[in-house]
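So you can see what is in the structure, the chains are spelled out below.
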Amino acid sequence: MKAEDADITVTALKKLRLPREIKEVVTLIYDRKGEDITVLNVRKLTDMTDFIIICTGRSSIHNRAISDWILTELKKTLKLTNYGVEGSATNEWVLMDYIDFVIHIMLPEKRKKYLLEKLWMDAKRYNLISD
C-alpha cells in the first residue's frame, strides 16, 4: 500500500469529497455483502473514466445479485443510465460502465489473476473495511 492509500469504513467514506454516485455504489455493494471493495481515483491517469470500483463476490450468483442491485438502484435513486454491462452471461467478472465510473465485480480467482489494482497502482486508492 502506498502512503496516499487509505483503509476506510463505509461510514467514513460518506464524509470524503467523492462524487455522490461513487458513495452510492459502494453502499449498494456493501448492502449486498460484496467483499474487498476498492475505489480507485484514476482522473489524473486516464481520460477513459474518473473512478474504478472493484469488489469481490463469493459466487457467480452473488455477482449477479450485486450487479442487478446496482443497476436497479442507481436508475431508481440517481436516474443513472448504464452504458454497458459485460460478463453477465457467466457472472465470473461483471463490468458495468457508467462513463464517469466503471464497476468490476469479480470472483476471487479472477481478481487474483488479473490484479486490476496493480494495473492502476498510481491511482489514489480507498480500501473499504467493515464498520
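Look above for the structure.
Here's a quick rundown of the structure. Bear in mind that the values here come from a model prediction, so they are computed numbers and not experimental data.

About the criteria used
- Residues numbered from 1 in each chain as written.
- Predicted model: local features only at pLDDT ≥ 70, side-chain atom pairs only at ≥ 80, totals over all residues.
- Heavy atoms only, no water.
- Helix = DSSP H or I, 4+ residues; strand = E, 2+ residues; numbered from the N terminus.
- Rg over C-alpha atoms; globule rule 2.2 N^0.38 Å.
- Buried < 20%, exposed > 50% of the residue type's maximum accessible area, 1.4 Å probe, protein only.
- Contact = heavy atoms within 4.5 Å.
- Areas by Shrake-Rupley, 256 points an atom, 1.4 Å probe, with all protein chains shown as cover.
- Lys, Arg positive; Asp, Glu negative; His and termini not counted.
- Charge placed at Lys NZ, Arg CZ, Asp CG, Glu CD.
- Salt bridge = Lys/Arg side-chain N within 4 Å of Asp/Glu carboxyl O.
- Polar contact = N/O pair within 3.5 Å; in protein donor to acceptor, adjacent residues only side chain to side chain.
- Expected span 1.5 Å × (residues − 1).
- Arc of directions from axis to C-beta.
- Phe/Tyr/Trp six-rings, centres within 6.5 Å; stacked < 30°, edge-to-face > 60°.

The next point concerns the overall build of the chain. Along the backbone of the chain there are five helices and seven strands. Tracing the chain from N to C terminus, the helices and strands come up as β-α-α-β-β-α-β-β-β-α-α-β. Against the 2.2 N^0.38 benchmark of 14 Å for 131 residues, the chain shows a C-alpha radius of gyration of 14 Å, consistent with a compact globule. Projected onto the principal axes, the alpha-carbon positions of the chain cover approximately 40 × 35 × 35 Å. Taking all 131 residues of the chain together, 43% fall into the buried category. Excluding contacts between residues fewer than 6 apart, the proportion of contacts in the chain whose partners are at least 24 apart in sequence is 62%. Carbon and sulfur atoms provide 52% of the accessible area of the chain, an area that totals close to 7,500 Å². Distance between charge centroids for the chain: 3 Å, based on 22 positive and 20 negative side chains.

Moving on, we get to the pattern of salt bridges. In the structure shown here, the tally under the stated rule is six salt bridges. A salt bridge links Arg-58 to Glu-35; its shortest N-O distance comes to 3.3 Å. Taken together, the residues span a long stretch of sequence, with Arg-58 in the loop between strand E3 (51-56) and helix H3 (60-78) and Glu-35 in strand E2 (residues 35-41) at a distance of 23 residues. Among the residues examined, Arg-58 registers a relative accessible area of 52% and is labelled exposed. A relative accessible area of 31% places Glu-35 in the partly exposed class. One salt bridge connects Glu-73 with Lys-76, and the closest N-O pair in it is separated by 3.2 Å. Of this pair, Glu-73 and Lys-76 both sit in helix H3, separated by three residues, roughly a single helical turn. Looking at Lys-76, the relative accessible area reads 52%, which means it is exposed.

By the element assignment, Asn-63 lies in helix H3. A relative accessible area of 0% places Asn-63 in the buried class. Of note is the side chain of Asn-63, whose polar atom sits 3.3 Å from the backbone nitrogen of Gly-57. From its side chain, Asn-63 meets the backbone oxygen of Asn-91 in a polar contact 2.8 Å long. If we skip the residues at most four places from it in the chain, Asn-63 touches Thr-56, Gly-57, Asn-91, Glu-92, Ile-105, Met-106 and Leu-107.

Taking 1.5 Å per residue as the helical rise, H3 with its 19 residues ought to reach 27 Å, and the 26 Å between its terminal C-alpha atoms agrees with that figure. Every buried residue belonging to H3 is among His-62, Asn-63, Ile-66, Ser-67, Ile-70, Glu-73, Leu-74 and Leu-78, and all of these are buried. The arc that holds every buried residue of H3, seen down its axis, measures 145 degrees, which confines them to one face. Across H3 from its buried face, at more than 90 degrees, point the exposed residues Ile-61, Lys-75 and Lys-76. Elements in contact with the buried residues of H3: helix H2 (20-31), E3, strand E5 (93-97) and strand E6 (101-106). Positive backbone phi, at 55 degrees, marks Lys-79, one or two positions downstream of H3.

Another aspect to go through is the side chain of Glu-73. On the accessibility criterion, Glu-73 (10% relative accessible area) is buried. A polar contact is formed between the side chain of Glu-73 and the side chain of Lys-76, at a distance of 3.2 Å. If we ignore the near neighbours within four places in the chain, the residues touching Glu-73 are Leu-28 and Leu-78.

Let's shift gears to the packing of aromatic side chains. Per the counting criterion, the structure on display carries two aromatic pairs. Relative to Phe-101, the ring of Tyr-98 has its centre 5.0 Å away and its plane inclined at 15 degrees; by these criteria the two rings are stacked. Residue classification places Tyr-98 among the buried positions, given a relative accessible area of 6%. What makes Phe-101 buried here is its relative accessible area of 4%.

Nothing here speaks to function; it is all geometry.
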